[in-house]
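Below are the chains, spelled out letter by letter.
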Amino acid sequence: MDNILSIITFTPALAGRILAAFLRGEDEMAQRNARWVALFATSLTLLMSLILLVGFDTDLPGFQFVEDRAWMFGLQYKLGIDGLNVMFVGLTAFIMPLVIATSWDVTHRVKEYMISLLLLETFVLGALVSLDLVLFFLFLEAAMVPLFLLIGIWGGPGRETASFGALVASALGAVLLLGATIVMFTEAGTTDIDRLMDHQFGAEDVSVLGLNVPGGLQTLLCLAVITGFAIKLPIWPLHSWHATAQARAPVAAAVVLSAIVTALAAYGLLRLALPIFPVGALHLSPLFFAFAVVTALYAAMTALSQTDFRKVTASVSMALVSVAAMGLFSGSQQGLDGAILLLLSQGLVACGLLLSASVLLHRTNTTDLEAFGGLSIRMPLFSVLLILIIWTAIGLPGSAGFAAVFLTLAGLSGDRPWAVLVALVVLALIAGALLAAFRKIMRGDLIKESLKSVEDLDLRERLTLIPVAAAIVVLGLYPALVTERVGGATEALAVLFEEIKETEMQASRPSEKLLQTDSTAFLDQGREVAVPFSR
């Protein structure tokens, strides 16, 4: 399986190039050909990704399927996978054919639409498997270009504002990541991520604008990297662009934004921030943990107040990602395992909810919750699939969400037991929001005349929603499918964090002993002075 990562990465882009070079016109046949070429390319990518998952050796430490060759300007074209990214590659490859199938009814500039989705998949996959920092940065920021176009050209009312907001947010994150990349190259003399993880960046305290920065250069670089990825997650207070883009984007772009881009941003934290700057991550984790807590509570409470199903979905997605971020910053293996599983589960939930929103939009031209009621009578299959997806979002037993939430809470219970209560409150609020939405859509009497002729899922919709439901059930019944593959990498991260904590504690002990000795000597001197005085 030589070069399988390159083949997986560039297969969608090759299909996009074929569409651009050979497909002409906007007639019905050209549109149909564009759809089928895109679906074939993404399905082929999924098939190769499954081969990759099966061939991944869970007992082998380090990177696998490595491709390393000279590139331009002395840089390396280096790809590889390990436990941190292999499942995210699978998630991306799984979702993209569903996104293409959901976009079957797009009729405006179909060729360009499909090319944008195909390029987006290539850029995301490229970022996930890149082991060179510059290559990772180029793929990561390139992925925002087709996403910007999808929102700006095919989005709903207000799409220009939403796409511009996404562009500005992406640019801000890019500046921070680029600055950190330049400093890392200057300090380490390499952009190889594997070698950067072995490089010891300065961790001595420094003074910046009169403020003492514990952890020194590591903390400053880690701050830039975490902030750059926090924008894309998104984490409060850098979240506002995400909600606007979600509401205005076409369903396909919204799925990618909620399910894939958030997973990519979280992967960036796992790949760059935590292992390369462990001292900085240790010092910054309380701050960003607090931001994740605020974001989770804010998003969950916002979900309760929404009256549009897509906006409910966006808020629920943000809340679940924030709970996963809490697990990432816990520093424990259980927290890290749970966070990765929760990100995968959240990706499936966001995909399922947004595909469900597309089903409703296709039939009624709206996702306003007040426009529905009693649809379970007309759409029993859709009702069952939707409640299964909601079941997973809430984290109830038997679903992928249950194992993810259980591991995340177990990881949080060590150093921050109060965070377990916060996570449970967030999940309760999510349950309230989603069950209220389900009740408004499905339950009650079918009294609206416009809904009495609504049909249940057609074949294409079944082929998109049933695979999501099946994946949810499989991960729920067999979470080891994920934990066995990520366990080696997360264990190494957890051990690294424990070593750094112990080192920091040992470094602080001499000063504590010195302070204690000085205090004892001072008290003894006081006694010597006090005794003669008493006499």
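The residue numbering used here restarts from 1 in each chain and proceeds along that chain's sequence as written. Note on the predicted model: pLDDT of at least 70 is required for a residue's local features to be given, and 80 or more for side-chain atom pairs to be given and counted; whole-chain, interface and lining totals, by contrast, use all residues. No hydrogens and no water enter the side-chain calculation; it runs on all heavy atoms of the structure.

Peer 1: Is there a simple way to explain the overall build of the protein chain in this structure?
Peer 2: Put simply, DSSP H or I for four residues or longer makes a helix, DSSP E for two residues or longer makes a strand, and each gets a number counted from the N terminus. Along the protein chain, the regular secondary structure elements total 19 helices and 4 strands. Here the globule rule reads 2.2 Å times residues to the power 0.38, and the radius of gyration is calculated from C-alpha atoms. Taken over the C-alpha trace, the protein chain has a radius of gyration of 25 Å; the compact-globule value for 535 residues is 24 Å, and the two agree within 12%. To sort residues, take the accessible area from a 1.4 Å probe on protein chains only and compare it with the maximum for the residue type: under 20% means buried, over 50% means exposed, and anything in between is partly exposed. Put simply, the protein chain has 535 residues, and 56% of those count as buried. Within the protein chain, contacts between residues separated by at least 24 positions form 79% of all contacts whose residues are at least 6 apart in sequence. Should any heavy atoms of two residues lie within 4.5 Å, those residues are considered in contact.

Peer 1: I'm lost on empty space enclosed by the protein in this one. Help?
Peer 2: Any empty space left between atoms is shown by rolling a water-sized probe over those atoms. Within this scheme a cavity is a closed region of a 1 Å grid, computed over the protein atoms alone, that accommodates a 1.4 Å probe without allowing it to escape, whereas a pocket is open but has protein on both sides within 12 Å along at least five of seven lines; lining residues each have an atom within 4 Å of a point. Grid points are joined across faces, edges and corners, and a volume is the space filled by probe spheres set on the points. Under the counting rule described, the total for this entry stands at 3 cavities of 30 Å³ or more. Empty space within the largest cavity amounts to approximately 90 Å³. Forming the walls of the largest cavity are Thr102, Asp105, Leu355, Ser358, Val359, His362, Arg460, Glu461 and Thr464. A per-element tally of the lining of the largest cavity places helix H14 (residues 333-364) first, with 4 residues.

Peer 1: I'm lost on the layout of surface pockets in this one. Help?
Peer 2: Taken as a whole, the largest pocket encloses approximately 650 Å³ of empty space. If you go around the largest pocket, you meet 34 residues; those closest to its centre are Met197, Pro275, Ala489, Ala492 and Leu493. In terms of residues, the lining of the largest pocket owes the most to one element, helix H19 (residues 480-534), which gives 7 residues. The residue classification treats Ala, Val, Leu, Ile, Met, Phe, Trp, Tyr, Cys and Pro as nonpolar and Asp, Glu, Lys and Arg as charged. All others, Gly included, are polar. Looking at side-chain class alone, the lining of the largest pocket contains 17 nonpolar, 9 polar and 8 charged residues.

Peer 1: Honestly, the side chain of lysine 78 in this entry has me stumped. Any pointers?
Peer 2: Relative to the elements of secondary structure, lysine 78 occurs in strand S2 (residues 76-81). Classification of lysine 78 as buried rests on a relative accessible area of 10%. Among residues more than four places away in sequence, those in contact with lysine 78 are Val66, Glu67, Asp68, Val129, Ser130, Leu131, Asp132, Leu135, Asp192 and Asp194.

Peer 1: Teacher, can you tell me more about the packing of helix H15 (residues 380-394) against helix H17 (residues 417-442) here?
Peer 2: The description of two packed helices rests on the angle between their axes and on the distance between the axes. Direction vectors running N to C along H15 and H17 enclose 170 degrees, while the axes themselves pass 9 Å from each other. Overall, the two elements H15 and H17 adopt an arrangement that is roughly antiparallel. Contacts between H15 and H17 pair Phe382, Ser383, Leu386, Ile387, Ile390, Ala393 and Ile394 from the former with Leu427, Ile430, Ala431, Leu434, Leu435, Phe438 and Met442 from the latter. The residue makeup of the contact of H15 with H17, split by class, is 13 nonpolar, 1 polar and no charged. In this analysis, axes come from line fits to C-alpha atoms, helices being fitted only over the stretch in contact, and the angle between any two N-to-C directions falls in the range 0 to 180 degrees. Any angle that is under 35 degrees is reported as roughly parallel, and any over 145 degrees as roughly antiparallel; angles of 65 to 115 degrees are reported as roughly perpendicular and all others as oblique.

Peer 1: Please explain the pairing of S2 as it appears in this structure.
Peer 2: Every other side chain in a regular strand lies on the same face of the sheet, so the side chains alternate between the two faces. S2 sits mainly inside the fold: 5 of its 6 residues count as buried. Looking at chain direction, strand S1 (residues 64-70) and S2 are connected through 5 bridges and run antiparallel. Following the sheet pairing, aspartate 68 is matched in S2 by lysine 78. We treat two strands as partners when DSSP finds at least two bridges between them. Hairpin connection from S1 to S2: 5 residues lie between these consecutive antiparallel strands, with phenylalanine 73 at a positive phi of about 55 degrees.

Peer 1: What exactly am I supposed to notice about the pattern of salt bridges here?
Peer 2: Opposite charge on two side chains allows them to pair when their charged atoms are near. Any carboxyl oxygen of Asp or Glu that lies within 4 Å of a side-chain nitrogen of Lys or Arg is treated as forming a salt bridge with it. Taken as a whole and assessed by the stated rule, the structure comprises 8 salt bridges. Between arginine 159 and glutamate 160 there is a salt bridge, and its shortest N-O distance comes to 3.9 Å. Glutamate 461 is the salt-bridge partner of arginine 363, the closest N and O atoms lying 2.7 Å from each other. Here arginine 363 is found in helix H14, whereas its partner glutamate 461 is found in helix H18 (residues 459-477), with 98 residues between them in sequence.

Peer 1: Honestly, the packing of aromatic side chains in this entry has me stumped. Any pointers?
Peer 2: The geometry of two aromatic rings is summed up by the distance between their centres and the angle between their planes. Any two of the Phe, Tyr and Trp rings considered here, Trp counted by its six-membered ring, make a pair once their centres fall within 6.5 Å; the pair's planes then place it as stacked at under 30 degrees, edge-to-face at over 60, or tilted in between. Going through the model one piece at a time under the given rule, you end up with 12 aromatic pairs. An angle of 75 degrees between the planes, with centres 6.0 Å apart, marks the rings of phenylalanine 288 and phenylalanine 291 as edge-to-face. Of this pair, phenylalanine 288 and phenylalanine 291 both sit in helix H12 (residues 278-305), separated by 3 residues, roughly a single helical turn. Of the residues examined, phenylalanine 288 reaches a relative accessible area of 7% and is grouped as buried. Ring pairing ties together the aromatic residues Phe88, Phe136, Phe229 and Tyr267, which thus form one cluster.

Peer 1: I'm lost on the packing of helix H11 (residues 251-276) against helix H13 (residues 309-328) in this one. Help?
Peer 2: For the pair H11 and H13, the least separation of the axes is 12 Å and the interaxial angle reads 10 degrees. By the angle between their directions, the pair H11 and H13 is classed as roughly parallel. Contact residues: H11 offers Val251, Ala254, Ser258, Thr262, Ala266, Leu269, Leu270 and Leu274, while H13 offers Arg310, Ser317, Val321 and Leu328.

Peer 1: Hey, could you run me through the side chain of glutamate 141 in this one?
Peer 2: Relative to the helices and strands, glutamate 141 resides in helix H5 (residues 133-142). Under the relative-accessibility criterion, glutamate 141 is labelled buried at 13%. A polar contact of 3.1 Å, which involves the side chain of glutamate 141, links it to the side chain of serine 170. In the analysis that follows, any N or O atom pair within 3.5 Å is treated as a polar contact, provided that within protein one partner can donate a hydrogen and the other can accept it, and provided that, for residues neighboring in sequence, both atoms belong to side chains.

Peer 1: Looking at this model, I keep getting lost on the confidence of the model for the protein chain. Mind explaining?
Peer 2: Where the model shows low pLDDT, its predicted coordinates should not be examined in detail. Mean pLDDT over the protein chain stands at 85; residues scoring 70 or higher make up 94%. In the predicted structure, residues 511-535 sits below a pLDDT of 50 and forms 0 contacts with residues beyond four places in sequence or in another chain. Each residue carries a pLDDT value, the predictor's own confidence for that position, ranging from 0 to 100.

Peer 1: Would you mind showing me how to read the environment of valine 294 here?
Peer 2: For valine 294, the location among the structural elements is in helix H12. When its relative accessible area of 36% is taken as the criterion, valine 294 is described as partly exposed. Taking the C-alpha atoms as reference points, valine 294 and alanine 319, separated by 25 residues in sequence, lie 9.6 Å from one another.

Peer 1: Before we go on, may I ask you to explain the environment of glutamate 499 in this structure?
Peer 2: Its location among the elements puts glutamate 499 in helix H19. Here glutamate 499 falls in the partly exposed class, since its relative accessible area comes to 47%. Taking the C-alpha atoms as reference points, glutamate 499 and proline 278, 221 residues apart in sequence, are found 9.6 Å from one another.

Peer 1: Even after reading the chapter, I still don't get a nonpolar patch on the surface, so can you show me in this structure?
Peer 2: On the surface, Phe40, Leu44, Leu47 and Ile51 cluster together into a nonpolar patch covering about 380 Å² of accessible area. Within the secondary structure, leucine 44 is located in helix H2 (residues 28-55). The partly exposed category is assigned to leucine 44, whose relative accessible area is 32%. Each patch groups residues whose relative accessible area exceeds 30% and which form no salt bridge, using 9 Å between like charges and 5 Å between nonpolar side chains of Val, Leu, Ile, Met, Phe, Trp and Tyr. In this description, accessible areas are obtained by the Shrake-Rupley approach with a 1.4 Å probe, and a residue is regarded as covered only by the protein chains that are shown.

Peer 1: Help me out: how do you make sense of unusual backbone geometry in this one?
Peer 2: The bulk of non-glycine residues show a negative phi, and the bulk of peptide bonds are trans. Cis rather than trans, the peptide bond between leucine 233 and proline 234 has omega equal to 0 degrees. As for its position among the elements, proline 234 is in the loop between helix H9 (216-232) and helix H10 (240-248). Not every positive phi belongs to a glycine, and phenylalanine 65 is a case in point at roughly 55 degrees. Position of phenylalanine 65 relative to the elements: it lies in strand S1. Positioned with a positive phi, arginine 109 is a non-glycine residue whose angle comes to about 50 degrees. Looking at where arginine 109 falls in the secondary structure, it is placed in the loop between helix H3 (86-102) and helix H4 (110-129). On the basis of relative accessibility, which here comes to 37%, the residue arginine 109 falls in the partly exposed class.

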